Amino acid sequence: MNILFFPSDNDKASGAFLSMAKLAACLKNNYNHNVYVVLSRKGSGQDILDEYGIPTIFIRSYNWIVRLTEIDSSPKSTEMKLKLMLNKIAINRCVKLIEDLKIDIVHINTTWSYVGAEAARICKVPYIWHFREFLEEDQKVCFYDKTYAHRLINDAAAIVCISQSIYNKYSRIVNSQKCLIIYNGVDSKQFLNRNEKILEGNTASFLIVGSISESKGQWQIIEACRMLKEKGYNNFKLSIVGKGNEEYISQLKQLVEDYCLKDNIEFCGFSSNTSKYYRNADITFVCSKAEAFGRVTVEAMLSGSLVIGADTAATIELIRDMETGLLYKYGDISDLTQKIEWVLNEKEIARKISENGCHYMREHMSSETNAKNINELYEKVVRSLNCSKC
């Protein structure tokens, strides 16, 4: 098959982009598909696609998303109307590309982008839509024109939801009969490289990875570290890895200083090689309020780190409490602190839980498993299309 992907970004720090890139590589190498990617902007993600040998085409386009605070803004409305007009040029270029490459399936990688779907509709080529984010709940954004968005999404051959939580939201909004759940895949070989068991050193190594924002909950682990210190725990070091809003990061750093935790907490900035942090982490924290999937959860568990996650959204789908990881009540700092204390005092049981988590992710959340499920979906869509022509 000839497959054409449309990501909404071009960033090697983006979990959605990384998932798509690895999927494209698996589809190419394991199933002999001809895979192409249309990039809407310049960026660092191209390096990954080049490394995988995936051909890319640059066609400038704009998303159809607005911030919730800008829905009724006249200047924003004017800006969006201009962008949608410019997108008509991009759609025409995409139509020609689909025809020239004889594309069998168009794959839209996130809810943020629509240009590829419109081009596929014009060409009467089936398109798959990947839903990887809640939008309102986690990113505080929404579709600029919900009526148009829902109509175009409902014309998709299939809607892939990356978790039950995502499915629960969108199956009530769009055609539920087209929705199915296919969990993301992670390159297990990249993270299965731990040399020693957790909690063997004198200092416990804590880690939280991802974009730094209030919804990701970094403040909770800082507060928990304060409580640990008050209870007499001093031998721990938390690494905060990621980038985000500078004002919010400054607020977190001020908290660290106010709580006299500068010797215990380090802001490491963005890293393109997070595996080195996972490899040394005894405990990795996932404190998000609305995690659509939880790539960090999977990566950490594959690396052998014990994950303590908030009992919200997709995190509860990935962690079986006290079996493959630990869950705490979101926003309850006392509960989070108690879970950390338990781990520090029950090291042998904690090691067994981390081993269970690693095994579970290796069996269920690998890139190969994800590609297999997507390939089966492609075959089903193509069979259905051929039958309709009979």
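Cut-offs applied
- Residues numbered from 1 in each chain as written.
- Predicted model: local features only at pLDDT ≥ 70, side-chain atom pairs only at ≥ 80, totals over all residues.
- Heavy atoms only, no water.
- Phe/Tyr/Trp six-rings, centres within 6.5 Å; stacked < 30°, edge-to-face > 60°.
- Helix = DSSP H or I, 4+ residues; strand = E, 2+ residues; numbered from the N terminus.
- Buried < 20%, exposed > 50% of the residue type's maximum accessible area, 1.4 Å probe, protein only.
- Lys NZ or Arg CZ within 6 Å of the ring centre and 35° of its normal.
- Contact = heavy atoms within 4.5 Å.
- Salt bridge = Lys/Arg side-chain N within 4 Å of Asp/Glu carboxyl O.
- Polar contact = N/O pair within 3.5 Å; in protein donor to acceptor, adjacent residues only side chain to side chain.

(A) Representation of the packing of aromatic side chains. Under the definition given, this model contains 11 aromatic pairs. Between Trp64 and Tyr114, the ring centres sit 4.7 Å apart and the planes meet at 20°, which makes this aromatic pair stacked. With Trp64 in the loop between β3 (56-58) and β4 (65-67) and Tyr114 in the loop between β5 (105-108) and α4 (115-123), this pair connects stretches of sequence that are 50 residues apart. Of the two residues, Trp64 and Tyr114, neither departs from the other in class, the shared state being buried. Both rings, one in Trp64 and one in Trp129, keep their centres 5.9 Å apart while their planes meet at 5°; by these two values the pair is stacked. Of this pair, Trp64 sits in the loop between β3 and β4 while Trp129 sits in strand β6 (residues 127-131), placing them 65 residues apart in sequence. Look at Trp64 and you get buried, because its relative accessible area is 3%. Among the residues examined, Trp129 registers a relative accessible area of 0% and is labelled buried. Through pairs of rings, three or more aromatic residues link up here, namely Trp64, Tyr114, Tyr127, Trp129, Phe143 and Tyr148. Its guanidinium or amino end placed over the ring of Phe58, Lys42 lies 4.3 Å from that ring's centre, counting from NZ or CZ.

(B) Seen up close, the environment of Ala117. Positionally, Ala117 belongs in helix α4. Linking Ala117 and Pro55, residues 62 residues apart in sequence, is a C-alpha distance of 19 Å. With sequence-adjacent residues up to four places away left out, Ala117 is seen in contact with Ile108, Tyr127, Trp129 and Leu152.

(C) Quick peek at the pattern of salt bridges. Taken as a whole and assessed by the stated rule, the structure comprises 18 salt bridges. For Arg121, the salt bridge identified is with Glu118, shortest N-O distance 2.4 Å. Here Arg121 and its partner Glu118 are both found in helix α4, 3 residues apart, which amounts to about one turn of the helix. With a closest N to O distance of 2.9 Å, Arg226 and Glu223 form a salt bridge. Here Arg226 and its partner Glu223 are both found in helix α9 (residues 218-230), 3 residues apart, which amounts to about one turn of the helix. One salt-bridge network, in which partners are shared between bridges, spans Glu70, Lys76, Glu79 and Lys83.

(D) Here's a closer look at the side chain of Thr110. Its location among the elements puts Thr110 in the loop between β5 and α4. The class of Thr110 is buried, set by a relative accessible area of 2%. Within the structure, the side chain of Thr110 is placed 2.8 Å from the side chain of Ser8, a separation counted as a polar contact. Each residue touching Thr110, except ones within four places of it in the same chain, is listed here: Ser8, Ala16, Trp129, His130, Arg132 and Glu133.

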